[in-house]
Amino acid sequence: MKISYNWLKQFIKIDWTPEQTSELLTDLGLEVEGIETYQSVKGGLEGIVVGKVLTCIQHPNADKLKLTTVDIGDEAPLQIVCGAPNVDVGQKVPVATIGTTLYTVEGEAWTIKKGKIRGEESHGMICAEDELGLGNSHDGIMILDDSIAVGTLAATVFDIENDHVFEIGLTPNRADAMSHLGVARDLKAGLLQKDINVELITPSLSAFRTDNRLLKIEVEVKNKDLAPRYCGVTISGIKVESSPAWLQHRLKAIGLNPINNIVDATNYVLHDLGQPLHAFDAAKIEGNKIIVKTLSKGTKFITLDGVERTLSEEDLMICDAKKPMCIAGVFGGINSGVTESTTSIFLESAYFNPISIRKSAKRHALNTDASFRFERGIDPNLTELALKRAALLIQDIAGGEISSDIIDIYPNKIEDFQVRLSFENAEKLIGEEIPRDVIKRILSSLEIKVNNITETGLGLTVPAYRNDVYREADIIEEILRIYGYNNISTTEKLNASISSTSKFEDHKIQNVVGSQLASQGFFEILANSLTTPNYINLSDQLKEEHNVTILNPLSNDLSVLRQSLLFSGLEAVSYNINRKRLDLKLFEFGKTYHDFNNNREEQKHLTIFATGNQNNDTWLSSNKKSDFFYLKGIVYSILERLGITRFQESPISSDLFSEGLELSLGKIKLAEFGLIKTPILKHFDISQEVVFADFNWDGILEIVKRNKITFKAIPKYPEVRRDFALLIDDHVNFKDIYSIANKTERQLLKKISLFDVYQGKNLPVGKKSYAVSFSLQDENKTLTDKQIDKIMGALKNNFEKELGAELR
């Protein structure tokens, strides 16, 4: 939020530097993130002085140039070559001296230098108004009033606005500070704490009066819950034109572009007092009636930006007798606003339900200055005052007459909050005792009324505009904020407690695994838990009925909670590949969310992604791709690091993996990993292979907590490995081979691994080749060749019989 220092001084008269004021604002909780300098004329006319043309003759070498001498108050006049047709002897003119920086219309800087023009020296420039940023004309040089003394700085001649603008990082709870008035209130309280008593100057409304009652607009509020207060007044006989310079400077300083005097007046009051207003062209209000209501679902409405929007039955609308004119508190309509031909307006000032406004703004993806304030909660008691302030301002800059009484529909007044403050609780939370008279002074400076005082505490009334202060703890926070956090002394005694935590806490195990992955070259990512519902179309494992849907989503692409970490991870992979980072190793700890028959569950996962080369190419080693077997080694190393070694490995058939394995221990699935299928990668515009692992982190934690590490001797007897190169049909997968092998030999067969897959030329059509290794071991004796041959023969026979496999 931008706050103009000059504007702020209209409410509170201080002579502090902007830096001093920013420090106090930050101490008060209104953190100043930066200070910008604003100048109504870029450069502030620095280096521009008033000169008098002493001589003016034709340039000897150019028909369209003049050779002049100009007195700028120095010892000797300057010789300046000028091309303006209107330059003449005796004129007072603005002169840019050597070294002066001027700016083009586009804002580019250029510096006046000594030079020669067609052979004659020129020691400056006589300026036109567009060259100084004072206008758009370039027909000739500016001719100044003859009474201005030679050598006068141009910055003192013209009305140049110099301002400092605070960029305040406003927290969402501080709705009361979303205006210059709100910031001034806090600043006054902070200054009082430093024993500087200043007056808060509020705009005078005594001049407001009804001139006539010739333009009456009837108002009907049908939904008083969504519009608790609605005010309006008509103004006729106005002239829509550009705003005066002072108003344009105020708006430009805080980053707003002036539009016309009516719209600018409403924007000014919004940032002045914090009350959004809206001006309707009265001639476009059919039936001379305003109706505040909701419309049926699906109603079409074109907003001021020309976009046709489909309304919800929950959107509060400002309508006339026949049509909608405005999304209440959010955005106006294209056919009801003020134009150059407008001569009368209906000026609206209202308090709308914050929740309703927020939902409408998010539903239509609109974020306006008005919705920003309404959805956080404005001062319901400022509505009429702001209306009068705006009406007087419009009369001042656009003329016109107040042509109706103020309409104020406020059936149920929003009351101030009643809060009880205990001195004892305040001391406990703050950490030291603040004198009671200081507490009372701070509360009074914040416009919190002290109703009664007892030995134990205070009875307080909090104004309605402080909708973030309704508990005792909030009152204590306000006291501490103004008193100053820096003024609370720190104890010389250091207290610490030792907590007894298990070494199996989630975060500790997570750190162990995260550190290992980082040491292996992986980078941790943190993806958004909100995602698009369209991802369920990429896998049959995800069901639409299991989506946890957001009631008020920011957009359709962020409308559900993710059921899988795969797709958000692939978004990160795609993002990096598109920026030429082709070699990626990523991991993420995160949760998935599921709705099983209205029973919502969160499941924690660890996911790993690898694509491209394993390591950077060096002269010692060539590139190796991050393939299935590389990922398998990473997965196994994680489980081994956690002491999980006795798990079962089985192939999986999934629409996510072209080839994959599942690791389990008993009934608990530990992880699944494999090569992501090409159609899924294409959805993310990824053309290179990506391997992916998904750990059931909840299951792993459960096993780790009850897993007892045991030590046993290394087997005395050797392990024997035999390999088969099997020619099999395309539809056969590793899972089939794995299952048959385990059935054939349960005791001595310790491990089955797929270490090569080949499909291509030199193989019959419809066939592929699997290279599979079988590890055999007897822990009690050495296996004989006869035993080994018998087992391998049985495996060969069963593969041939059940799969039609052939040994290559």
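First, a word on scope: everything that follows refers to the structure included in this document. (Residues numbered from 1 in each chain as written. Predicted model: local features only at pLDDT ≥ 70, side-chain atom pairs only at ≥ 80, totals over all residues. Heavy atoms only, no water.)

Below, the discussion takes up the side chain of Arg389. Relative to the helices and strands, Arg389 resides in helix α10 (residues 383–398). You can call Arg389 buried: its relative accessible area is 19%. (Helix = DSSP H or I, 4+ residues; strand = E, 2+ residues; numbered from the N terminus. Buried < 20%, exposed > 50% of the residue type's maximum accessible area, 1.4 Å probe, protein only.)

Bringing the packing of helix α5 (residues 180–193) against helix α12 (residues 436–445) into the picture now. A pair of packed helices is characterised by two quantities: the angle between their axes and the separation of those axes. One can describe the packing of α5 onto α12 by two numbers: an axis separation of 9 Å at closest approach and a directional angle of 155°. Between α5 and α12, the angle falls in the class roughly antiparallel. Between α5 and α12 lies a crossing whose hand is right-handed. From α5, Ala189, Leu192 and Gln193 reach across to α12, where they touch Val438, Arg441, Ile442 and Ser445. When grouped by side-chain class, the residues that make up the contact of α5 with α12 number four nonpolar, two polar and one charged. (Axes fitted to C-alpha atoms, helices over the stretch in contact; angles between N-to-C directions. Parallel < 35°, antiparallel > 145°, perpendicular 65-115°, else oblique. Left-handed = near helix turned anticlockwise from the far one by under 90°. Contact = heavy atoms within 4.5 Å. Nonpolar A, V, L, I, M, F, W, Y, C, P; charged D, E, K, R; others polar.)

A separate point is the nonpolar core. Ranked by size, the top nonpolar core spans 81 residues in total, and within it Ile262, Leu347, Ile394, Leu421, Leu443 and Ile475 carry the most contacts. Residue contributions to this core peak at nine residues, all from α10. Residue contacts for Ile262: discarding those within four places in its chain leaves Ile238, Val240, Ala279, Val338, Ile345, Ile394 and Ala398. (Core = buried A, V, L, I, M, F, W, Y, C linked by side-chain atoms within 4.5 Å.)

Moving on, we come to the environment of Leu631. Within the secondary structure layout, Leu631 lies in helix α16 (residues 628–641). Overall, Leu631 belongs to the buried group, its relative accessible area being 0%. For the pair Leu631 and Leu675, spaced 44 residues apart in sequence, the C-alpha separation works out to 9.4 Å.

Moving on to the packing of aromatic side chains. Under the defined criterion, the tally for this structure stands at 20 aromatic pairs. Relative to Tyr268, the ring of Trp7 lies with its centre 4.6 Å away and its plane at 10°, an arrangement referred to as stacked. Remark: Tyr268 occurs in helix α7 (residues 261–273) and Trp7 occurs in helix α1 (residues 5–8); sequence separation between them is 261 residues. Between Phe609 and Phe692, the aromatic rings sit 4.9 Å apart at their centres with planes inclined by 40°, giving tilted as the arrangement. Separated by 83 residues along the polypeptide, Phe609 in strand β33 (residues 599–611) and Phe692 in strand β37 (residues 690–696) bring together distant segments of the chain. Comparing Phe609 with Phe692, the two get one shared label, buried. (Phe/Tyr/Trp six-rings, centres within 6.5 Å; stacked < 30°, edge-to-face > 60°.)

On to the pairing of strand β15 (residues 277–281). The buried fraction of β15 amounts to five of the five residues, a majority that puts the element mostly inside the structure. Residues Leu277, Ala279 and Asp281 line one face of β15 and the alternating positions His278 and Phe280 line the opposite face, and both faces are buried. When β15 meets strand β22 (residues 344–351), the two strands line up antiparallel, connected through five bridges. Pairing of Asp281 across the sheet is with Ile345, part of β22. (Pairing = 2+ DSSP bridges.)

Two side chains bearing opposite charge may form a pair once their charged atoms approach each other closely. Scanning the model with the defined rule gives 39 salt bridges in all. With its nearest N and O atoms 3.7 Å apart, the salt bridge here joins Glu384 to Arg229. With Glu384 in helix α10 and Arg229 in strand β14 (residues 229–236), the pair connects residues that are 155 residues apart, well separated along the chain. The partner of Asp315 in a salt bridge is Arg363, and the shortest N-O contact between them spans 2.4 Å. Placement of Asp315 in the loop between β18 (308–310) and β19 (316–319) and of Arg363 in helix α8 (residues 354–363) is noted, with a sequence separation of 48 residues between them. When salt bridges that share partners are traced, they join Arg174, Asp176, Asp186, Arg466, Asp468, Glu478 and Arg481 into one network. (Salt bridge = Lys/Arg side-chain N within 4 Å of Asp/Glu carboxyl O.)

The next thing to look at is the side chain of Lys92. Of note, Lys92 is situated in strand β6 (residues 92–96). Despite its burial, Lys92 pairs with no opposite charge; the closest candidate is Asp146, at 4.1 Å N-O. At 2.7 Å, the side chain of Lys92 and the backbone oxygen of Ile148 are in polar contact. Setting aside residues up to four positions removed in sequence, Lys92 forms contacts with Val50, Gly51, Lys52, Met142, Ile143, Leu144, Asp145, Asp146, Ile148 and Val150. (Lys, Arg positive; Asp, Glu negative; His and termini not counted. Polar contact = N/O pair within 3.5 Å; in protein donor to acceptor, adjacent residues only side chain to side chain.)

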